[in-house]
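# Residue-level structural notes
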Amino acid sequence: MKQFFSDFSKLIKFRLTFLVVFSASVTFLIGSKIQIDRGIAPGINWTNWLILIVGGFLVTASANCFNEIIEKDLDKLMSRTKDRPMPAGRMTTGQGLVLGLIMGMAGTSLLVKLNPETGLLSVFSILLYAFAYTPLKRKSPIAVFVGAIPGALPPLIGYIAAIGGQSEIGYVPVDYQIALILFLIQFVWQFPHFWSIAWVLDDDYKKAGFRLLPTKKRDKTSAVFTFVSTLILIPISLLPTIYGFGGYYIAGVSIVAGLLFSYFAYQMMVKMDLPSARKVMFCSFIYIPLVQVVLLFNLIV
């Protein structure tokens, strides 16, 4: 039983799945709080919040499962992935496919109950991640751009799950503007996140032929791209305050966190070494949850 849970955790990439669900659940609360403040909703629908968590977990787990089926033979070549259940021979691709389909269908059916947009976005996320981003990883660094789209969908899904397809007068509803801003912050964040991981794991990635760094190798240009992406993130992270649904707390934290992120990326650009890249990578792990939680806090106080 212990081996089963260990294999299942590796199959669905539990830590990644948890981060995705966390992002969606926090932005659901952000969306709910904005609706409450506008007098559109009487309170937070905790049942829908739980449905989003379970449905989002299943959908993300399904996408990761399909990813591992496609990359089973490649995973055998890399040190960090060779002990996953399928490349290690503890699970067949048929078993993985059945699990992936069951989780995908169950998760999507739950999310559709919230509203059609949420369900459609979840299906789009699975398809783009598993069947576009995954094969592109061996062909071109453009895979990072493609992968950044499903990687940035969780806050969009979470927010739209909260607003329930509501709209306002105007060509672009204000609620959807907020949803798109939350998506944009996480989209831009994906680039230093992806590239710092690719820098740290480049030796392992090369064994499988993955090409994720901007120039396909650890060089000054790839480091510059990473640094510039962190600089772009700073003004993007201020959009909640500029558009009036975030306050001084989120603005201050975004600036400080963004400058720290950029400082580590600058050090990576100057030193061109693994320890500096690891600092950028770990900073990226903290950045998004911190910004989203502080934005929620800013709306509550």
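Not measured: the values here are computed from a predicted model.

### Observations concerning the overall build of the protein
When its secondary structure is counted, the protein shows 13 helices and zero strands. Ordered by position from the N terminus, the helices and strands of the protein form the series α-α-α-α-α-α-α-α-α-α-α-α-α. Its C-alpha radius of gyration of 19 Å places the protein within 12% of the 19 Å reference for a compact globule of 301 residues. With the C-alpha coordinates aligned to their principal axes, the bounding extent of the protein is approximately 55 × 45 × 35 Å. Pairs at least 24 residues apart make up 75% of the contacts formed inside the protein by residues separated by at least 6 positions. Only carbon and sulfur atoms are counted for the fraction: they give 70% of the accessible area of the protein, which is about 13,700 Å².

### Comments concerning the confidence of the model for the protein
For the protein, the average pLDDT comes to 91, and 96% of its residues sit at 70 or higher. Model confidence for the protein, summarised as mean pLDDT per element, is weakest for helix α1 (residues 2-11) at 85 and strongest for helix α10 (residues 220-237) at 97. Low confidence marks residues 167-172, where pLDDT is under 50. Its contacts with residues over four positions away, or in another chain, come to seven contacts.

### Quick look at the packing of aromatic side chains
Here the distance between the centres and the angle between the planes together describe a pair of aromatic rings. Summed over the entire model, instances satisfying the criterion amount to 19 aromatic pairs. Consider the rings of Tyr205 and Phe210, whose centres lie 5.7 Å apart with planes at 70°: the pair is edge-to-face. In this structure Tyr205 comes out as buried when scored by relative accessible area, which is 8%. Taken together through their ring pairs, the aromatic side chains of Phe145, Phe183, Phe187, Phe191, Trp195 and Phe225 make up a single cluster. Stacked on the ring of Phe210, the Lys or Arg Lys137 has its end atom at 4.4 Å from the ring centre.

### Looking at the side chain of Thr118
Checked against the element boundaries, Thr118 lands in helix α6 (residues 116-136). In this structure Thr118 comes out as buried when scored by relative accessible area, which is 0%. Once residues lying within four places of it in the same chain are set aside, the contact partners of Thr118 are Leu111, Ile157, Ile160 and Ala161.

So, how was this worked out
- Residues numbered from 1 in each chain as written.
- Predicted model: local features only at pLDDT ≥ 70, side-chain atom pairs only at ≥ 80, totals over all residues.
- Heavy atoms only, no water.
- Helix = DSSP H or I, 4+ residues; strand = E, 2+ residues; numbered from the N terminus.
- Rg over C-alpha atoms; globule rule 2.2 N^0.38 Å.
- Contact = heavy atoms within 4.5 Å.
- Areas by Shrake-Rupley, 256 points an atom, 1.4 Å probe, with all protein chains shown as cover.
- pLDDT = per-residue confidence, 0-100.
- Phe/Tyr/Trp six-rings, centres within 6.5 Å; stacked < 30°, edge-to-face > 60°.
- Buried < 20%, exposed > 50% of the residue type's maximum accessible area, 1.4 Å probe, protein only.
- Lys NZ or Arg CZ within 6 Å of the ring centre and 35° of its normal.

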